[in-house]
Amino acid sequence: MDTEDLGLFGPGSVTWKVHEEPILIVAGLRSLYLQALHPRAMAGVAQNSNYRTDAWGRLVRTANYVGTTIYGTTAEAEAAGRRLRTRHARMRATDPVTGEEFRIDEPELLRWVHVTEVESFVSTARRAGLALTDDEVDGYYSEQRRSAALVGLDPEDVPGTAAEVADYYRDVRPQLRMTREAAETAVFLTAPPIPWKLSMPARVGLNLGPPRWAYFGIAATALGMLPPWALRLYGGLGLPTTALSADLSARALRLALAAVPRRYREGPLQQAAKERAARLAAA
């Protein structure tokens, strides 16, 4: 194994530029709100996941996977992809409409999850104030085809530009709808259980301490940054100024996070990748 390998992307990539942004915590939540609107994909998650009882554990595992694909060595990223494909290959779910049993690693479902994630990452970073040219946005989508290959997709079947992502959303929208599972998931995402170490004693049976209010703000921003068609599926949540308010909130949060010392806002995978890049540059 080449321990000095820069991985699938590297310091000159648009991917590293985008994922440098701590504001992507909002993007991750935005992508989950979007994903819940696909009934078949939502059924696959609901019937195979313990996200309600282990929400934060699942979040940590997902973050570790994404971090490994972005900042790990090529061998580490490929190993993470193999483990994920092996888990997915064993999972089945039942279509809530037709009753048909299906594999959760169907290309259609993997593509939906991939596109909602990468579109959420790059659009959130840009709307929060990260300077990205249109060519860089297209470059990000093109680079992320490498991540799509890790989960088992043919990169050629994955949108590789902003225009192709827009076309994909237009084509898939007739399949999307608000279901009971989508509504329940949206409520859960908006008010999940707060880890007990962050919780404050509840005087009236509710935990409304600072961590809860901080999370409410992040969730509201993520919802407000959804595409207008997704907000309509959620029942028209928000006012006509929702998008502008969400953008302003995201910009304010990005500035606040930028003030946090780098050693606290960068994970070990990101730090290790930068150290490898520095060693290679010095050599």
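Counting restarts for each chain: residues are numbered from 1 in the order of the written sequence. In view of the model being predicted, local features appear only for residues whose pLDDT reaches at least 70, and side-chain atom pairs are presented and counted only at 80 or more, with totals across whole chains, interfaces and linings using the full set of residues. The basis for every side-chain value is the complete set of non-hydrogen atoms in the structure, without hydrogens or water.

Throughout, an axis means a line fitted to C-alpha atoms (over the contacting stretch in the case of helices), and angles, computed between N-to-C directions, take values from 0 to 180 degrees. By definition, any uninterrupted DSSP run of H or I lasting at least four residues is a helix, any uninterrupted run of E lasting at least two residues is a strand, and each is numbered from the N terminus. The N-to-C vectors of helix H4 (residues 55-71) and helix H5 (residues 74-89) enclose an angle of 140 degrees; their axes lie 7 Å apart at closest approach. In this structure, the crossing between H4 and H5 has a hand that is left-handed. Contacts between H4 and H5 involve Tyr65, Thr68 and Thr69 from the first element and Glu76, Ala77, Ala80, Gly81 and Leu84 from the second. Taken together, the residues that form the contact of H4 with H5 break down as four nonpolar, three polar and one charged. Should the near helix be turned anticlockwise from the far one by less than a right angle, the crossing is termed left-handed; should it be turned clockwise, right-handed. Contacts are assigned to residue pairs that have any heavy atoms within 4.5 Å of one another. Under the scheme applied here, ten amino acids are nonpolar (Ala, Val, Leu, Ile, Met, Phe, Trp, Tyr, Cys and Pro), four are charged (Asp, Glu, Lys and Arg), and all others, including Gly, are polar.

Opposite charge on two side chains permits them to pair, given that their charged atoms come into close proximity. By convention in these notes, a salt bridge is any Lys or Arg side-chain nitrogen within 4 Å of a carboxyl oxygen on Asp or Glu. For the structure on display, the rule yields 18 salt bridges. Residues Arg262 and Glu20 are paired through a salt bridge, measuring 2.5 Å at the closest nitrogen-oxygen approach. Taken as a pair, Arg262 in helix H14 (residues 262-265) and Glu20 in the loop between helix H1 (14-19) and helix H2 (24-35) lie far apart in primary sequence, 242 residues in all. Each residue gets one of three labels from its accessible area relative to the maximum for its type: buried under 20%, exposed over 50%, partly exposed in between, using a 1.4 Å probe on protein chains only. Owing to a relative accessible area of 41%, Arg262 belongs among the partly exposed residues under this scheme. Salt-bridge contacts for Arg40 lead to Glu100; the nearest nitrogen and oxygen are separated by 3.4 Å. Placement of Arg40 in helix H3 (residues 39-48) and of Glu100 in the loop between strand S1 (92-94) and strand S2 (101-103) is noted, with a sequence separation of 60 residues between them. Taking the relative accessible area as the measure of exposure, Arg40 reaches 13% and is therefore buried. Within this structure, Glu20, Arg262, Glu266 and Lys274 form a network of salt bridges that share partners.

Once that is clear, we can look at the environment of Thr98. Inspection of the secondary structure puts Thr98 in the loop between S1 and S2. Among the polar contacts made by the side chain of Thr98, one reaches the main-chain amide nitrogen of Glu100 at a distance of 3.2 Å. Polar contacts, as counted here, are pairs of nitrogen or oxygen atoms within 3.5 Å of one another; within protein the pair requires one atom able to donate a hydrogen and one able to accept it, and residues that are adjacent in sequence qualify only if both atoms are side-chain atoms.

On to the confidence of the model for the protein chain, then. One confidence number per residue, pLDDT, is output by the predictor and ranges from 0 to 100. With 92% of its residues at a pLDDT of 70 or more, the protein chain shows a mean pLDDT of 90. Long-range and interchain partners of residues 198-208, a stretch whose pLDDT sits below 50, account for eleven contacts in this model, where long-range means more than four residues apart.

What follows concerns the packing of aromatic side chains. By convention, a stacked pair of Phe, Tyr or Trp rings (six-membered ring in the case of Trp) has centres within 6.5 Å and planes under 30 degrees apart, an edge-to-face pair has planes over 60 apart, and any other such pair is tilted. Scanning the entire structure with this criterion turns up six aromatic pairs. Here Tyr33 and Tyr234 contribute two aromatic rings whose centre-to-centre distance is 6.3 Å and whose plane-to-plane angle is 90 degrees, an arrangement assigned as edge-to-face. One end of the pair, Tyr33, is in helix H2; the other, Tyr234, is in the loop between helix H12 (228-233) and helix H13 (242-258), and 201 residues separate them in sequence. Note on Tyr33: relative accessible area 0%, which makes it buried. The exposure class of Tyr234 is buried, given its relative accessible area of 7%. Among the aromatic residues, those joined into a cluster by ring pairs are Trp112, Tyr168, Tyr169 and Trp229.

Glancing now at the environment of Leu37. With respect to the secondary-structure elements, Leu37 resides in the loop between H2 and H3. Residues Leu37 and Ala183, 146 residues apart in the sequence, show an inter-C-alpha distance of 8.7 Å. Aside from chain neighbours lying at most four places away, what touches Leu37 is Leu176, Arg177, Ala230, Leu233 and Tyr234.

With that settled, consider the layout of surface pockets. Space inside the second largest pocket adds up to approximately 240 Å³. Looking at the lining of the second largest pocket, the elements that each hand over two or more residues are helix H6 (107-127), helix H7 (134-143) and helix H9 (162-172). Considered class by class, the residues forming the lining of the second largest pocket number eight nonpolar, one polar and five charged. Only protein atoms enter the calculation, which uses a 1 Å grid: trapped sets of points that fit a 1.4 Å probe without letting it out are cavities, open sets showing protein on both sides within 12 Å along at least five of seven lines are pockets, and any residue with an atom within 4 Å of a point is a lining residue. Grid points are joined across faces, edges and corners, and a volume is the space filled by probe spheres set on the points.

Right, let's talk about H13 for a bit. The end-to-end C-alpha separation of H13 is 24 Å, in line with the 24 Å expected for 17 residues at 1.5 Å each. By the burial criterion, the buried members of H13 are Thr242, Ala246 and Ala250. One side of H13 carries all its buried residues, which in axial view fall inside an arc of 65 degrees. The exposed set on the far side of H13, more than 90 degrees from its buried face, consists of Leu244, Leu248 and Leu255. Expected span of a helix, by definition, is 1.5 Å for each gap between consecutive residues, and there is one gap fewer than residues. Directions pointing from the helix axis toward each C-beta atom define the arc.

Moving on: the side chain of Ser123. Tracing the backbone shows Ser123 in helix H6. A polar contact is formed between the side chain of Ser123 and the backbone oxygen of Glu119, at a distance of 2.7 Å.

Listed in full, the buried residues belonging to H3 are Pro39, Arg40, Ala41, Met42, Ala43 and Gly44. Of the surrounding elements, those touching the buried residues of H3 are H2, S1, S2, H6 and helix H10 (180-190).

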